[in-house]
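# Overview (structure and organization)
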Amino acid sequence: KPFWHPFKLAIATAPVLAASGEVFVTQPVVQIQDATGRTVFTDDTTQVTFAIDSGKGTLGGTTTARASKGVARFTDLTLTGSSTEKYVLKASAAIHNANAAEIETEALRLSDLPVLSVSTPMVAEGDTGETTQLVFKVTLSPASNSEVRVNYADAQTGTATSGTDYTAIEGDTGIFAAGETEKDITVMIT
């Protein structure tokens, strides 16, 4: 049946870009379809390649994927470029009778890198023998699609004395899970 021959490409899952140089949040999936728009499940040979069609940047990772049952899945694409640039990616393949098939994504942007901000809490020093918590709120904005690690330590500056006025933080790592935007760092005031 001629309509079961590979004829065109369709983007089944559109890519979602991450920050510059990071693996896409959502990797693209491309279907090889016949002339009527049905996936050609017998196609295990077509090679689909992604490239930048417009926008200045570098596409990295494995840019070519082989179809399995009419579907080409990408797993590690990255794009290095500017978050102010619009990008259009193009999937292409040589299909039935060596005809070229192409399809483009909608315009995409790299996500902006998240920024950390730290609150400046204040607390009255307690009486001798009493302890009070001083809580610093650390905010990540926008939320990251991957884990973010933040190293922090006591800078030992100012008028308070470590060990007498507060319990020093020797060095630690705050871990923001993907999608998490707020962490507390607690310092004990003595």
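See above for the structure.
Attention in this report is confined to the structure presented alongside it. (Residues numbered from 1 in each chain as written. Predicted model: local features only at pLDDT ≥ 70, side-chain atom pairs only at ≥ 80, totals over all residues. Heavy atoms only, no water.)

### Observations concerning the pattern of salt bridges
- Using the criterion set out here, one finds seven salt bridges in the structure.
- Two residues, K183 and E180, come together in a salt bridge whose shortest N-O distance is 3.3 Å.
- Given a relative accessible area of 27%, K183 falls into the partly exposed group.
- Its relative accessible area of 26% is what places E180 among the partly exposed residues.
- Three or more residues joined by partner-sharing salt bridges are found here, namely D53, K90 and E102. (Salt bridge = Lys/Arg side-chain N within 4 Å of Asp/Glu carboxyl O. Buried < 20%, exposed > 50% of the residue type's maximum accessible area, 1.4 Å probe, protein only.)

### Some remarks on the sheet that holds strand β2 (residues 29-33)
- The sheet built from three strands is open, its strands ordered β1-β2-β6 with antiparallel pairing. Both outer strands of the open sheet, β1 (8-13) and β6 (71-73), are each paired with one neighbouring strand and no more. Between one strand axis and the next, the sheet turns by 25 degrees as a mean value, whatever way the strands run.
- As paired strands, β2 and β6 are joined by three bridges and run antiparallel to one another. Bridge assignment links V30 to a residue of β6, and that residue is A72. (Pairing = 2+ DSSP bridges. Helix = DSSP H or I, 4+ residues; strand = E, 2+ residues; numbered from the N terminus. Axes fitted to C-alpha atoms, helices over the stretch in contact; angles between N-to-C directions.)

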